[in-house]
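Below are the chains, spelled out letter by letter.
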Amino acid sequence: MIRRLDKQDHEACFRLIQGEAAENLFIIGDIEAYGYEQEFQQVWGEFNDQNELMAVLLKYRENYIPYAKTEEFDAQGFARIIEADDQFSFLSGLERCTAKIEPYLKNKLKRKRKFYYAKCTELKVNLDDVDVSEVRLAVPDDAKRLVDLLQAIPEFADSIISDKNKREALESGVARTFYIEREGRFVSTASTTAENSLSAMVVGVATHPDYKRKGMASACMVALCEELLGEGKELCLFYDNPDAGTIYKKLGFQDIGFWIMNIYHH
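1. Overview of the packing of aromatic side chains
Thinking step 1. Applying the stated criterion to the full structure yields 17 aromatic pairs.
Thinking step 2. Look at Phe88 and Tyr264: their rings are 5.0 Å apart centre to centre, the planes differ by 40°, and that puts the pair in the tilted class. One end of the pair, Phe88, is in the loop between α3 (75-83) and β5 (90-94); the other, Tyr264, is in strand β12 (residues 254-264), with 176 residues separating them in the sequence. Both residues of the pair, Phe88 and Tyr264, count as buried.
Thinking step 3. Each ring, one from Tyr116 and one from Tyr239, has its centre 4.9 Å from the other, and the planes form 5°; the classification is stacked. Residue Tyr116 is found in strand β6 (residues 109-120), and its partner Tyr239 is found in strand β11 (residues 234-239); the two are separated by 123 residues along the sequence.
Thinking step 4. Feature note: the residues Phe26, Phe115, Tyr117, Phe238 and Trp259 constitute an aromatic cluster, connected by ring pairs.
Thinking step 5. The ring centre of Trp44 lies 6.0 Å from the NZ or CZ of Arg4, which sits over that ring.
Thinking step 6. The lysine or arginine in question, Lys114, covers the ring of Phe258, its NZ or CZ lying 4.5 Å from the ring centre.

2. Observations regarding the nonpolar core
Thinking step 1. Within the largest apolar cluster, 41 residues are counted, with the highest numbers of intra-cluster contacts made by Ile17, Ile31, Val56 and Ile101.
Thinking step 2. Each residue touching Ile17, except ones within four places of it in the same chain, is listed here: Asn24, Ile27, Ile28, Ile31, Val56 and Tyr67.

3. Describing the sheet that holds strand β3 (residues 53-60)
Thinking step 1. Strand order across the open sheet formed by 12 strands is β1-β2-β3-β4-β5-β12-β6-β11-β10-β9-β8-β7, with mixed pairing between neighbours. Lying at the two open borders of the sheet, with one neighbouring strand each, are β1 (2-4) and β7 (136-137).
Thinking step 2. Bridge analysis of strand β9 (residues 185-193) against strand β10 (residues 199-207) gives 5 bridges, and the strand direction is antiparallel. Of the residues in β10, the one forming a bridge with Ser188 is Thr207.
Thinking step 3. Across the face of the sheet, α3 comes into contact with β1, β2 (41-47), β3, β4 (63-68) and β5 while running at roughly 20° to β3.
Thinking step 4. Along the sheet face, helix α8 (residues 242-251) touches β6, β10, β11 and β12 and points at about 165° away from the line of β11.

4. Describing helix α1 (residues 10-17)
Thinking step 1. Burial in α1 covers these residues: Cys13, Phe14, Leu16 and Ile17. Down the axis of α1, the buried set is contained in an arc of 155°. They therefore lie on one face. Looking at α1, the residues exposed on the side facing more than 90 degrees away from the buried face are Glu11 and Arg15.
Thinking step 2. Among the structural elements, α2 (25-34), β3 and β4 are those in contact with the buried residues of α1.

Parameters and conventions
- Residues numbered from 1 in each chain as written.
- Predicted model: local features only at pLDDT ≥ 70, side-chain atom pairs only at ≥ 80, totals over all residues.
- Heavy atoms only, no water.
- Phe/Tyr/Trp six-rings, centres within 6.5 Å; stacked < 30°, edge-to-face > 60°.
- Helix = DSSP H or I, 4+ residues; strand = E, 2+ residues; numbered from the N terminus.
- Buried < 20%, exposed > 50% of the residue type's maximum accessible area, 1.4 Å probe, protein only.
- Lys NZ or Arg CZ within 6 Å of the ring centre and 35° of its normal.
- Core = buried A, V, L, I, M, F, W, Y, C linked by side-chain atoms within 4.5 Å.
- Contact = heavy atoms within 4.5 Å.
- Pairing = 2+ DSSP bridges.
- Axes fitted to C-alpha atoms, helices over the stretch in contact; angles between N-to-C directions.
- Arc of directions from axis to C-beta.

Right, dumping it as C-alpha coordinates:
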(Lines give C-alpha, C1' and ligand atoms only; values in the text may rest on other atoms or scores of the structure.)
Protein backbone atom coordinates (compact mmCIF):
# COMPACT_ATOMS: atom_id res chain seq x y z
CA MET A 1 0.00 0.00 0.00
CA ILE A 2 1.25 3.47 -0.95
CA ARG A 3 0.09 6.63 0.84
CA ARG A 4 1.22 10.20 1.50
CA LEU A 5 3.47 10.59 4.53
CA ASP A 6 3.10 13.35 7.12
CA LYS A 7 5.00 14.42 10.21
CA GLN A 8 3.50 11.52 12.19
CA ASP A 9 5.46 9.20 9.87
CA HIS A 10 8.78 11.02 10.38
CA GLU A 11 10.29 8.49 12.79
CA ALA A 12 9.50 5.52 10.52
CA CYS A 13 10.71 7.42 7.47
CA PHE A 14 14.06 8.33 9.03
CA ARG A 15 14.51 4.82 10.39
CA LEU A 16 14.32 3.60 6.78
CA ILE A 17 16.54 6.22 5.13
CA GLN A 18 19.21 6.83 7.78
CA GLY A 19 20.63 3.31 7.28
CA GLU A 20 22.02 4.65 3.99
CA ALA A 21 22.57 8.28 4.91
CA ALA A 22 24.94 9.06 2.03
CA GLU A 23 22.68 7.41 -0.53
CA ASN A 24 19.73 9.43 0.82
CA LEU A 25 21.55 12.77 1.08
CA PHE A 26 18.91 14.72 -0.88
CA ILE A 27 15.85 13.06 0.65
CA ILE A 28 17.17 13.63 4.20
CA GLY A 29 18.17 17.24 3.48
CA ASP A 30 14.86 18.12 1.82
CA ILE A 31 12.74 16.58 4.59
CA GLU A 32 14.81 18.29 7.30
CA ALA A 33 14.49 21.63 5.48
CA TYR A 34 10.86 21.52 4.31
CA GLY A 35 9.02 18.65 6.02
CA TYR A 36 6.10 16.73 4.54
CA GLU A 37 3.34 19.22 3.91
CA GLN A 38 4.61 21.91 1.56
CA GLU A 39 2.93 22.59 -1.74
CA PHE A 40 6.23 22.04 -3.60
CA GLN A 41 7.35 19.02 -1.57
CA GLN A 42 5.54 15.80 -0.79
CA VAL A 43 6.60 12.35 0.34
CA TRP A 44 4.89 9.03 -0.26
CA GLY A 45 5.63 5.72 1.41
CA GLU A 46 5.02 2.09 0.54
CA PHE A 47 4.01 -0.10 3.48
CA ASN A 48 3.99 -3.90 3.64
CA ASP A 49 1.28 -6.10 5.21
CA GLN A 50 2.86 -5.60 8.66
CA ASN A 51 2.52 -1.81 8.17
CA GLU A 52 6.32 -1.43 7.93
CA LEU A 53 7.66 1.32 5.66
CA MET A 54 9.57 -0.30 2.76
CA ALA A 55 10.14 2.51 0.24
CA VAL A 56 9.73 6.27 -0.13
CA LEU A 57 9.19 8.66 -3.02
CA LEU A 58 10.05 12.33 -2.53
CA LYS A 59 8.78 15.10 -4.81
CA TYR A 60 10.72 18.36 -4.68
CA ARG A 61 9.24 20.78 -7.22
CA GLU A 62 9.55 19.01 -10.63
CA ASN A 63 11.97 16.34 -9.39
CA TYR A 64 11.15 12.89 -7.97
CA ILE A 65 13.60 10.75 -5.98
CA PRO A 66 12.68 7.16 -5.07
CA TYR A 67 14.39 5.04 -2.44
CA ALA A 68 13.87 1.44 -1.42
CA LYS A 69 16.09 -0.61 0.82
CA THR A 70 15.49 -3.79 -1.20
CA GLU A 71 15.21 -4.56 -4.91
CA GLU A 72 11.47 -5.22 -4.59
CA PHE A 73 9.10 -2.28 -4.26
CA ASP A 74 5.96 -1.05 -6.02
CA ALA A 75 7.71 0.74 -8.88
CA GLN A 76 4.53 0.82 -10.94
CA GLY A 77 2.65 2.49 -8.07
CA PHE A 78 5.37 5.14 -7.74
CA ALA A 79 5.28 5.68 -11.53
CA ARG A 80 1.51 6.33 -11.39
CA ILE A 81 2.05 9.06 -8.77
CA ILE A 82 4.82 10.67 -10.85
CA GLU A 83 2.80 10.60 -14.08
CA ALA A 84 -0.23 12.19 -12.42
CA ASP A 85 1.88 15.33 -11.80
CA ASP A 86 1.87 17.66 -14.81
CA GLN A 87 4.93 19.47 -13.37
CA PHE A 88 7.06 16.30 -13.52
CA SER A 89 10.36 16.81 -15.41
CA PHE A 90 13.08 14.91 -13.52
CA LEU A 91 13.57 11.47 -12.03
CA SER A 92 16.80 11.09 -10.08
CA GLY A 93 18.23 8.64 -7.60
CA LEU A 94 20.18 5.43 -7.20
CA GLU A 95 20.12 3.46 -10.43
CA ARG A 96 18.83 0.36 -8.63
CA CYS A 97 15.66 2.34 -7.80
CA THR A 98 15.19 4.54 -10.87
CA ALA A 99 15.69 1.61 -13.26
CA LYS A 100 12.63 -0.14 -11.79
CA ILE A 101 10.38 2.90 -12.34
CA GLU A 102 11.59 3.97 -15.80
CA PRO A 103 9.72 1.27 -17.81
CA TYR A 104 6.38 2.43 -16.36
CA LEU A 105 6.80 6.10 -17.28
CA LYS A 106 5.09 7.13 -20.50
CA ASN A 107 6.71 10.58 -20.64
CA LYS A 108 9.38 10.80 -23.32
CA LEU A 109 12.96 10.78 -22.01
CA LYS A 110 14.87 13.87 -23.14
CA ARG A 111 18.24 13.19 -21.56
CA LYS A 112 19.90 10.73 -19.20
CA ARG A 113 22.96 11.50 -17.07
CA LYS A 114 24.78 8.83 -15.12
CA PHE A 115 27.40 9.50 -12.44
CA TYR A 116 29.59 7.24 -10.38
CA TYR A 117 28.45 7.57 -6.76
CA ALA A 118 30.86 6.98 -3.88
CA LYS A 119 30.70 7.35 -0.12
CA CYS A 120 33.11 7.52 2.80
CA THR A 121 32.43 6.51 6.40
CA GLU A 122 36.06 6.47 7.55
CA LEU A 123 39.37 7.85 6.31
CA LYS A 124 41.81 5.23 5.06
CA VAL A 125 44.89 7.47 4.99
CA ASN A 126 47.53 7.77 7.68
CA LEU A 127 47.05 11.32 8.93
CA ASP A 128 50.76 11.58 9.77
CA ASP A 129 51.48 11.30 6.03
CA VAL A 130 49.30 14.27 5.04
CA ASP A 131 50.26 17.84 5.88
CA VAL A 132 47.06 19.75 6.61
CA SER A 133 48.80 22.61 8.44
CA GLU A 134 48.05 25.09 5.62
CA VAL A 135 44.39 24.13 5.23
CA ARG A 136 41.86 26.66 6.51
CA LEU A 137 38.07 26.73 6.83
CA ALA A 138 36.50 29.47 4.71
CA VAL A 139 34.20 32.17 6.08
CA PRO A 140 31.52 34.04 4.07
CA ASP A 141 33.91 36.94 3.32
CA ASP A 142 36.12 34.46 1.41
CA ALA A 143 33.42 33.87 -1.22
CA LYS A 144 34.97 36.08 -3.91
CA ARG A 145 38.43 34.50 -3.68
CA LEU A 146 36.88 31.02 -3.85
CA VAL A 147 34.92 31.92 -6.97
CA ASP A 148 38.04 33.47 -8.53
CA LEU A 149 39.91 30.20 -7.99
CA LEU A 150 37.15 28.02 -9.48
CA GLN A 151 36.80 30.31 -12.50
CA ALA A 152 40.55 29.92 -13.18
CA ILE A 153 40.15 26.14 -13.51
CA PRO A 154 39.02 24.71 -16.89
CA GLU A 155 36.70 22.00 -15.41
CA PHE A 156 34.70 24.65 -13.57
CA ALA A 157 34.62 27.26 -16.34
CA ASP A 158 31.05 26.33 -17.36
CA SER A 159 29.60 26.15 -13.87
CA ILE A 160 27.23 28.92 -12.85
CA ILE A 161 28.78 30.14 -9.64
CA SER A 162 28.60 33.63 -8.18
CA ASP A 163 30.10 35.38 -5.17
CA LYS A 164 26.57 35.95 -3.84
CA ASN A 165 25.52 32.27 -4.07
CA LYS A 166 28.79 31.09 -2.54
CA ARG A 167 28.47 33.57 0.32
CA GLU A 168 24.87 32.51 0.99
CA ALA A 169 25.84 28.83 1.03
CA LEU A 170 28.65 29.47 3.53
CA GLU A 171 26.37 31.60 5.70
CA SER A 172 23.48 29.12 5.71
CA GLY A 173 25.44 26.18 7.09
CA VAL A 174 24.54 23.81 4.23
CA ALA A 175 28.06 24.18 2.81
CA ARG A 176 31.63 24.32 4.07
CA THR A 177 34.82 25.09 2.16
CA PHE A 178 38.39 24.25 3.03
CA TYR A 179 41.24 25.97 1.19
CA ILE A 180 44.98 26.56 0.91
CA GLU A 181 46.21 30.09 0.26
CA ARG A 182 49.47 31.24 -1.31
CA GLU A 183 50.54 34.83 -1.98
CA GLY A 184 47.16 36.20 -1.03
CA ARG A 185 45.09 33.99 -3.35
CA PHE A 186 43.32 30.68 -2.91
CA VAL A 187 45.14 27.92 -4.82
CA SER A 188 43.39 24.71 -3.73
CA THR A 189 39.99 23.89 -2.28
CA ALA A 190 37.40 21.25 -1.41
CA SER A 191 33.81 21.94 -0.34
CA THR A 192 30.68 20.30 0.95
CA THR A 193 27.16 21.03 -0.18
CA ALA A 194 23.68 19.81 0.76
CA GLU A 195 24.79 19.16 4.33
CA ASN A 196 22.15 17.66 6.59
CA SER A 197 22.28 16.13 10.07
CA LEU A 198 23.52 12.76 8.77
CA SER A 199 25.43 13.32 5.55
CA ALA A 200 27.07 15.80 3.15
CA MET A 201 28.18 15.86 -0.46
CA VAL A 202 31.77 16.72 -1.46
CA VAL A 203 32.04 19.13 -4.42
CA GLY A 204 34.42 21.63 -5.97
CA VAL A 205 37.67 19.73 -5.33
CA ALA A 206 40.13 21.82 -7.30
CA THR A 207 43.67 23.14 -7.53
CA HIS A 208 44.92 26.08 -9.58
CA PRO A 209 46.89 24.83 -12.63
CA ASP A 210 50.07 26.53 -11.34
CA TYR A 211 50.00 24.49 -8.10
CA LYS A 212 49.02 21.01 -9.26
CA ARG A 213 50.78 17.79 -8.22
CA LYS A 214 51.73 19.06 -4.77
CA GLY A 215 49.10 17.08 -2.83
CA MET A 216 47.12 20.21 -2.00
CA ALA A 217 43.70 18.92 -3.04
CA SER A 218 44.32 15.76 -1.04
CA ALA A 219 45.21 17.88 2.02
CA CYS A 220 41.98 19.89 1.63
CA MET A 221 40.01 16.66 1.26
CA VAL A 222 41.60 15.08 4.34
CA ALA A 223 40.83 18.17 6.46
CA LEU A 224 37.24 18.20 5.18
CA CYS A 225 36.68 14.46 5.68
CA GLU A 226 38.24 14.48 9.14
CA GLU A 227 35.98 17.29 10.33
CA LEU A 228 32.72 15.91 8.95
CA LEU A 229 33.34 12.26 9.78
CA GLY A 230 34.20 13.48 13.28
CA GLU A 231 30.68 14.90 13.46
CA GLY A 232 29.25 11.50 12.58
CA LYS A 233 28.29 12.44 9.01
CA GLU A 234 28.66 10.17 6.00
CA LEU A 235 30.27 11.79 2.95
CA CYS A 236 29.35 11.17 -0.64
CA LEU A 237 30.34 12.47 -4.06
CA PHE A 238 29.63 12.11 -7.76
CA TYR A 239 32.39 11.64 -10.28
CA ASP A 240 32.33 11.29 -14.05
CA ASN A 241 35.07 8.85 -14.95
CA PRO A 242 37.02 6.09 -13.20
CA ASP A 243 40.30 8.08 -13.29
CA ALA A 244 38.72 10.85 -11.23
CA GLY A 245 37.75 8.27 -8.64
CA THR A 246 41.29 7.12 -7.82
CA ILE A 247 42.18 10.08 -5.54
CA TYR A 248 38.94 9.58 -3.61
CA LYS A 249 39.38 5.84 -3.24
CA LYS A 250 42.82 6.34 -1.72
CA LEU A 251 41.15 8.44 0.98
CA GLY A 252 38.54 5.80 1.80
CA PHE A 253 35.65 6.45 -0.58
CA GLN A 254 33.92 3.36 -1.95
CA ASP A 255 31.62 3.09 -4.95
CA ILE A 256 27.96 2.58 -4.04
CA GLY A 257 26.56 2.35 -7.54
CA PHE A 258 25.40 4.98 -9.99
CA TRP A 259 23.33 8.11 -9.51
CA ILE A 260 20.90 8.74 -12.37
CA MET A 261 19.40 12.05 -13.49
CA ASN A 262 16.69 11.62 -16.12
CA ILE A 263 15.12 14.66 -17.78
CA TYR A 264 11.70 14.13 -19.35
CA HIS A 265 9.50 16.05 -21.79
CA HIS A 266 6.31 17.37 -20.24
